[in-house]
Amino acid sequence: MNWDETAPTTTEDLAGEPEDAADRLVGPVADGEDQAIEAALRPKDLDEFVGQERVREQLDLVLRAARQRGGTADHVLLSGAPGLGKTTLSMIIAAEMGAPIRITSGPAIQHAGDLAAILSSLAEGEVLFLDEIHRMSRPAEEMLYMAMEDFRVDVIVGKGPGATAIPLELPPFTQVGATTRAGLLPPPLRDRFGFTGHMEFYAPAELERVLHRSARLLDVEMEPDGAAEIAGRSRGTPRIANRLLRRVRDYAQVKADGVVTLEIATHALKVYEVDHRGLDRLDRAVLGALLKLFGGGPVGLSTLAVAVGEERETVEEVAEPFLVREGLLARTPRGRVATPAAWAHLGLVPPQQSGGGGAGQRGLFGA
């Protein structure tokens with residue numbers, strides 16, 4: 001396996017999120033510790049990979065057909081939220097094809113020359129994995145079009161009127177792109193991928209299987225109800241599930257006999273401020289401010305950010321996506337609005353039910 005020197009090394013390079021995301025136990029971005037642990041926990045083939053049944057079945061057909069033809073696999077685009085297994089699948093593609101893999105990221109390729117240097121050094125059949133492919137520079141993007149379709153790039157030598165384009169033939173390779181924002185990919189690039197797979201969030205039962213496998217590899221004794229409790233708080237994301245497992249393991253080792261039970265998992269995650277729906281301190285602070293200070297909204301994003309003492313980008317990009325997905329918060333043209341589920345989750349009564357007639361709720365319904 002080849003690791004390109006331009007591979008991402010910071011959490012922002014990896015996911016394009018604010019650095020605040022790296023400090024959260026339930027954040028989907030991998031920090032240095034996560035990356036090291038994930039390398040040991042990654043499944044090595046499609047049979048071992050848990051979840052994503054449809055993508056796995058379709059990808060298996062693509063790879064089997066390529067092996068039978070004795071050629072390289074079609075280019076593959078994987079989209080979905082961070083932590084769902086896009087990098088893992090790229091490594092499995094290389095392993096299934098018996099090929100080396102080169103790993104880099106879109107933000108690391110700022111010039112066409114950067115991409116040309118990588119492409120020109122690829123071996124035949126090699127897999128090039130581009131994480132956050134939508135964040136490549138435009139010149140590099142246009143060079144990739146030709147490389148993916150014709151296995152050729154034009155290298156510009158010289159400047160001005162005397163510049164000359166020298167065609168450089170490339171060996172057949174497989175481009176695997178990963179993106180958290182498929183809508184930002186330009187159509188010409190998206191159309192050059194022969195297979196596109198969208199990674200879905202995991203069901204709790206699938207996360208339990210992930211946790212039991214990780215527990216065996218980490219030599220952690222875990223009871224089924226302990227795994228179920230961790231899975232239910234993992235936001236549908238294997239990366240978060242594995243991170244919570246490690247923290248619960250630490251608690252069980254220090255405070256108990258090392259066995260992860262329902263009681264131990266509950267107490268441990270209470271210490272780490274992760275509630276039964278997977279909300280952490282920041283999530284509850286956003287909901288608490290929205291409900292207690294603004295009567296459930298609507299309230300502007302900047303005002304809400306000031307109320308919780310965070311940057312606007314942190315609230316919008318780190319906290320809100322999960323709250324919206326859980327149906328606890330809604331984004332409207334007039335601002336952020338809490339849903340009935342948010343009031344119930346924090347054990348509060350909406351103003352109109354308590355006779356207060358909250359102004360935010362009246363504004364929402366036009367009363």
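Everything quoted here is computed from the prediction, not taken from an experiment.

**Student:** I'd like a description of the pattern of salt bridges, backed by residues and values.
**Tutor:** It is possible for side chains of opposite charge to pair when their charged atoms get near one another. Considering all chains together, one arrives at 16 salt bridges under this definition. Its salt-bridge partner being Arg102, residue Glu126 comes within 3.3 Å of it at the nearest N-O pair. Taken together, the residues span a long stretch of sequence, with Glu126 in the loop between helix H5 (112-120) and strand S4 (127-131) and Arg102 in strand S3 (residues 101-105) at a distance of 24 residues. Considered together, Glu126 and Arg102 belong to a single accessibility category, that of buried residues. Among the salt bridges present, the one from Asp275 reaches Arg284, with a minimum N-O distance of 3.6 Å. Note on Asp275: relative accessible area 15%, which makes it buried. Each member of the salt-bridge network shares a partner with another, and the members are Arg247, Arg249 and Asp250.

**Student:** Just give me the short version of the environment of Ile92, but keep the residues and values in it.
**Tutor:** Relative to the assigned elements, Ile92 resides in helix H4 (residues 86-97). Under the relative-accessibility criterion, Ile92 is labelled buried at 1%. Separated by 47 residues in sequence, Ile92 and Asp45 have C-alpha atoms that sit 5.3 Å apart. With residues near it in sequence (within four places) discarded, Ile92 still touches Pro43, Lys44, Asp45, Leu46 and Phe49.

**Student:** Kindly report on the packing of helix H10 (residues 238-255) against helix H11 (residues 262-271), identifying the contributing residues and their values.
**Tutor:** Viewed as axis vectors pointing N to C, H10 and H11 meet at an angle of 105 degrees, and their least axial separation amounts to 9 Å. With respect to their mutual orientation, H10 and H11 come out roughly perpendicular. Residues Leu244, Val248, Tyr251 and Ala252 of H10 form the contact with H11, whose participating residues are Ile264, Ala265, His267, Ala268, Leu269 and Val271. Considering only residue class, the contact of H10 with H11 consists of nine nonpolar, one polar and no charged.

**Student:** How would you explain the pairing of strand S7 (residues 174-179) if you had to name every residue and give the values?
**Tutor:** Within S7, six of the six residues are buried, which leaves it mostly tucked inside the rest of the structure. Side chains of S7 alternate between two faces, with Thr174, Val176 and Ala178 and Gln175, Gly177 and Thr179 buried alike. With four bridges joining them, strand S2 (residues 76-79) and S7 adopt parallel strand pairing. The residue bridging Ser79 from the neighbouring strand is Thr179, located in S7.

**Student:** How would you explain the packing of aromatic side chains if you had to name every residue and give the values?
**Tutor:** Tallying each qualifying case throughout the model produces one aromatic pair. Each ring, one from Phe151 and one from Phe173, has its centre 5.5 Å from the other, and the planes form 80 degrees; the classification is edge-to-face. Separated by 22 residues along the polypeptide, Phe151 in the loop between helix H6 (138-150) and strand S5 (152-157) and Phe173 in the loop between strand S6 (164-169) and S7 bring together distant segments of the chain. Note on Phe173: relative accessible area 1%, which makes it buried. We note Arg235 situated over the ring of Phe322; from NZ or CZ to the ring centre the distance is 3.9 Å. Positioned above the aromatic ring of Phe201, the side-chain terminus of Arg325 is 3.5 Å from the ring centre.

Conventions we followed
Residues numbered from 1 in each chain as written. Predicted model: local features only at pLDDT ≥ 70, side-chain atom pairs only at ≥ 80, totals over all residues. Heavy atoms only, no water. Salt bridge = Lys/Arg side-chain N within 4 Å of Asp/Glu carboxyl O. Helix = DSSP H or I, 4+ residues; strand = E, 2+ residues; numbered from the N terminus. Buried < 20%, exposed > 50% of the residue type's maximum accessible area, 1.4 Å probe, protein only. Contact = heavy atoms within 4.5 Å. Axes fitted to C-alpha atoms, helices over the stretch in contact; angles between N-to-C directions. Parallel < 35°, antiparallel > 145°, perpendicular 65-115°, else oblique. Nonpolar A, V, L, I, M, F, W, Y, C, P; charged D, E, K, R; others polar. Pairing = 2+ DSSP bridges. Phe/Tyr/Trp six-rings, centres within 6.5 Å; stacked < 30°, edge-to-face > 60°. Lys NZ or Arg CZ within 6 Å of the ring centre and 35° of its normal.

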